Amino acid sequence: MAVIHKLAITQFRNLDHQYIELNSQLNLFVANNAQGKTSLIEAVYYLGHNRSFKTKSLKELTQLDYQKFQLDAQVDNCRIKLEKSKQKTNISIDQIRLKNSSDLSKILPIQIITPDKGFVVNGTPKNKRSYLDWGVFHVKQDFLTDFKKYNKTLKNINFLLTQQKESELDDWFLEIAQLSGKINQARQDYIDQLKKTNSTELMQALSNSFESIDTFDYEFKSGWPKEVNAFDADSIYQYLIKSKSFLLKARYLNYGPHKASLKFYLNNQEECFLSRGEQKTLSIVFWLTQVSLLVKNNTHPIVLIDDISSELDGKKIQTILNFLQQLNVQILMTDIGSNSLKIDPKNTSVFKIEQGVITPQ
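What counts as what
Residues numbered from 1 in each chain as written. Predicted model: local features only at pLDDT ≥ 70, side-chain atom pairs only at ≥ 80, totals over all residues. Heavy atoms only, no water. Core = buried A, V, L, I, M, F, W, Y, C linked by side-chain atoms within 4.5 Å. Buried < 20%, exposed > 50% of the residue type's maximum accessible area, 1.4 Å probe, protein only. Helix = DSSP H or I, 4+ residues; strand = E, 2+ residues; numbered from the N terminus. Contact = heavy atoms within 4.5 Å. Arc of directions from axis to C-beta. Salt bridge = Lys/Arg side-chain N within 4 Å of Asp/Glu carboxyl O. Phe/Tyr/Trp six-rings, centres within 6.5 Å; stacked < 30°, edge-to-face > 60°. Pairing = 2+ DSSP bridges. Axes fitted to C-alpha atoms, helices over the stretch in contact; angles between N-to-C directions. Parallel < 35°, antiparallel > 145°, perpendicular 65-115°, else oblique. Nonpolar A, V, L, I, M, F, W, Y, C, P; charged D, E, K, R; others polar. 1 Å grid on protein atoms, 1.4 Å probe; cavity = no way out; pocket = protein on both sides within 12 Å on 5 of 7 lines; lining within 4 Å. Points joined across faces, edges and corners; volume = space filled by probe spheres on them.

Participant: So, the nonpolar core: which residues are in play, and what are the values?
Facilitator: Ranked by size, the top nonpolar core spans 66 residues in total, and within it Trp 287, Ile 305, Leu 324 and Met 333 carry the most contacts. Per-element accounting of this core gives the leading share, 10 residues, to helix H6 (residues 169–198). Every residue in contact with Trp 287, bar those within four places of it in the chain, is listed here: Gln 111, Ile 112, Ile 113, Tyr 131, Val 303, Leu 304, Ile 305, Ile 320 and Leu 324. Counting 39 residues, the second largest nonpolar core, distinct from the first, contains Ile 20, Ile 80, Ile 302 and Ile 358.

Listed below in C-alpha cells is the structure:
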C-alpha cells in the first residue's frame, strides 16, 4: 500500500517551504478559492508522474524570482525527491538517481479526479487513452516497453512517409503491426478486467447509490478501421501494405493505437446523448472501478480529489469517500468547506490552506 507519510513542497506555484505530515487514510484540505488547494494536488501529482495535469510550462509552476522547484516525500520506507529547473530534472529514491519516470510511478501510483483534468465520459480520445493506459501500465508488466517501441516506430514511419521513401516502409510496417497487436490486446484484456470488477457487489452498491444505473457499458475502439483485426499482426500488416499509396499521399499514419479510444453507454444510449450530470456520474464510477481493480491486483494508489464539490453534491462526495475508505487507500481531498461530511476523526487529518500556507487543524 502506497502511503505518503511526510511531504515537503518548495517554490511550487504559491506553496513555498511547506511541510506536512499526512494521515494514512483521509487528508482533507479546506480553503477558499485561489489559496493553494489545486496547487497542493498538482504538486503531489507531479511527484508521482513527473508532469503536471494542468500545464507544460515550467514557468507557471515555479515561483517568481526562482528558477526551480523541489518536491520531497517519505513514501512508505522510501524517500522520493524531485528537483526541476529549466536546465535539468533530478529524481531520486533514497538518494539513488532515477533515469525513468515509470519507476517513480510504480513506487508512487497516483489516481486523480479533478475538473481540471476533464471527465473521461464524452471526453477527448486523448484523455480516454490517458486514463486507460495508466491502468494498463500497472497491471501489464511489459506494456510500457511495447508502448515506447511503438511510438519510436510510428515516428520512423511518419518520417519515411514525409520523405516519400516507399522502399523502406515494409519492415517498419511489420514492426508496428506486431506492436499494435500486443498493445491492443493488453488494452482489451484490461477492459475485460474492469468489466468484471464493475459487476462486483461493491461496485453495484456504488452505482446504485449514485443514481439508478441499470446498464453502464464501454467498448474499446482500437484506432484501426473495422475491416482490420486489430489484435492480429498479419491483418494489420496486410492493411498497411494495401494502403501504402494512400499513406504516402497523406504523409502520416492516421490509424493505430495512438488513435484508440473508449466508447461509453448508459442504458444502451451513447455518451454524447447523455446529460452533463450523467457524464460526470459515469466518469466517477469508471474512475473508481479502476481504483478498485488496482487494489484487487495489490496496487493501492494514492487518490487525489480536487475541488469535487464544484461538480457534485455532498451526498455523492460522501459516497465516494465511503467507497474509497473500504478499499483502504490514502486520500488527499480539497474542499471549500461547504459540505458537512461524516468523517472519522481518528482516521482523518484536516488542514487549512490560506495564501499558500498549510496548517493542521
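Participant: How would you sum up helix H8 (residues 233–242)? Please name residues and give values.
Facilitator: The α-helix advances 3.6 residues per turn, and as a result positions three or four apart in sequence lie on the same side. Taken together, the buried positions of H8 are occupied by Ile 236, Tyr 237, Tyr 239 and Leu 240. Viewed end-on, H8 has its buried residues packed into an arc of 160°, placing them on one side of the element.

Participant: Tell me about the pattern of salt bridges, and please be specific about residues and values.
Facilitator: Tallying each qualifying case throughout the model produces 10 salt bridges. Its salt-bridge partner being Arg 13, residue Glu 42 comes within 2.5 Å of it at the nearest N-O pair. Placement of Glu 42 in helix H1 (residues 37–49) and of Arg 13 in the loop between strand E1 (4–10) and strand E2 (18–21) is noted, with a sequence separation of 29 residues between them. You can call Arg 13 partly exposed: its relative accessible area is 21%. In this structure, the salt-bridge partner of Glu 271 is Lys 128, at a minimum N-O distance of 2.9 Å. Taken together, the residues Glu 271 in the loop between strand E11 (269–270) and helix H10 (276–296) and Lys 128 in helix H4 (residues 125–139) connect sequence positions 143 residues apart.

Participant: For unusual backbone geometry, give the residues involved together with the corresponding values.
Facilitator: In this structure, Asp 94 is a non-glycine residue whose phi angle is positive, near 50°. Mapped onto the elements, Asp 94 comes out in the loop between strand E6 (89–93) and strand E7 (96–97). Phi is positive for Arg 251, close to 70°, though the residue is something other than glycine. Locating Arg 251 in the fold gives a position in the loop between helix H9 (244–250) and strand E10 (261–266). A residue is classified by how much of its surface remains accessible, and Arg 251, at 41% relative accessible area, is partly exposed.

Participant: Could you give an account of the side chain of Lys 280, with specific residues and numbers?
Facilitator: Within the element layout of this structure, Lys 280 appears in helix H10. The exposure class of Lys 280 is buried, given its relative accessible area of 13%.

Participant: Give a description of the packing of aromatic side chains that names residues and reports values.
Facilitator: One pass over the full model with this rule turns up 13 aromatic pairs. On the basis of an interplanar angle of 75° and a centroid distance of 6.3 Å, the ring pair of Phe 12 and Tyr 46 is categorised as edge-to-face. Here Phe 12, found in the loop between E1 and E2, pairs with Tyr 46, found in helix H1; they are 34 residues apart in sequence, far enough to count as distant. Since its relative accessible area comes to 5%, Tyr 46 is described here as buried. These aromatic residues form a ring-pair network of at least three members: Phe 216, Tyr 218, Phe 264 and Phe 286.

Participant: Kindly report on the pairing of E2, identifying the contributing residues and their values.
Facilitator: Two faces make up the sheet, and in a regular strand the side chains alternate between them. Residues Gln 18 and Ile 20 of E2 are buried on one face, while the alternating residues Tyr 19 and Glu 21, pointing to the opposite face, are not. When E1 meets E2, the two strands line up antiparallel, connected through 4 bridges. Bridge pairing in E2 places Ala 8 opposite Tyr 19.

Participant: Which residues make up the sheet that holds E7, and what values go with them?
Facilitator: Taken together, 6 strands build an open sheet; the order of strands is E2-E1-E4-E5-E6-E7 and the sheet is antiparallel. Looking along the sheet, the strands with just one partner apiece sit at the ends: E2 and E7. The sheet contact formed by E1 and strand E4 (residues 68–75) spans 6 bridges and is antiparallel. Counted as the bridge partner of Leu 7 is Ala 73 from E4. Against the sheet, H1 touches E1, E2, E4 and strand E5 (78–85), its axis set at about 110° to E1.

Participant: How would you sum up the packing of H4 against helix H5 (residues 143–162)? Please name residues and give values.
Facilitator: As a packed pair, H4 and H5 sit with axes 8 Å apart at the nearest point and diverge in direction by 130°. As summarised for this structure, H4 and H5 are arranged oblique, according to the angle between their axes. On the side of H4, the interface is formed by Asp 133, Val 136 and Phe 137, while H5 contributes Phe 143, Leu 144 and Phe 147. Split by residue class, the contact of H4 with H5 holds 5 nonpolar, no polar and 1 charged.

Participant: Before we move on, can you summarise the layout of surface pockets with the specific residues and values?
Facilitator: Leftover empty space is mapped by rolling, across the atoms, a probe with the size of a water molecule. When its volume is computed, the largest pocket comes out at roughly 1,300 Å³. Around the largest pocket sit 41 residues that line it, and Tyr 45, His 49, Arg 51, Lys 126 and Ser 130 are the ones nearest its centre. Elements with a contribution of two residues or more to the lining of the largest pocket: H1, helix H2 (58–61), helix H3 (101–107), strand E8 (110–113), H4 and H5. At 8 residues, the largest contribution of residues to the lining of the largest pocket is made by H4. In terms of residue class, the lining of the largest pocket is made up of 15 nonpolar, 15 polar and 11 charged. Empty space within the second largest pocket amounts to approximately 250 Å³.

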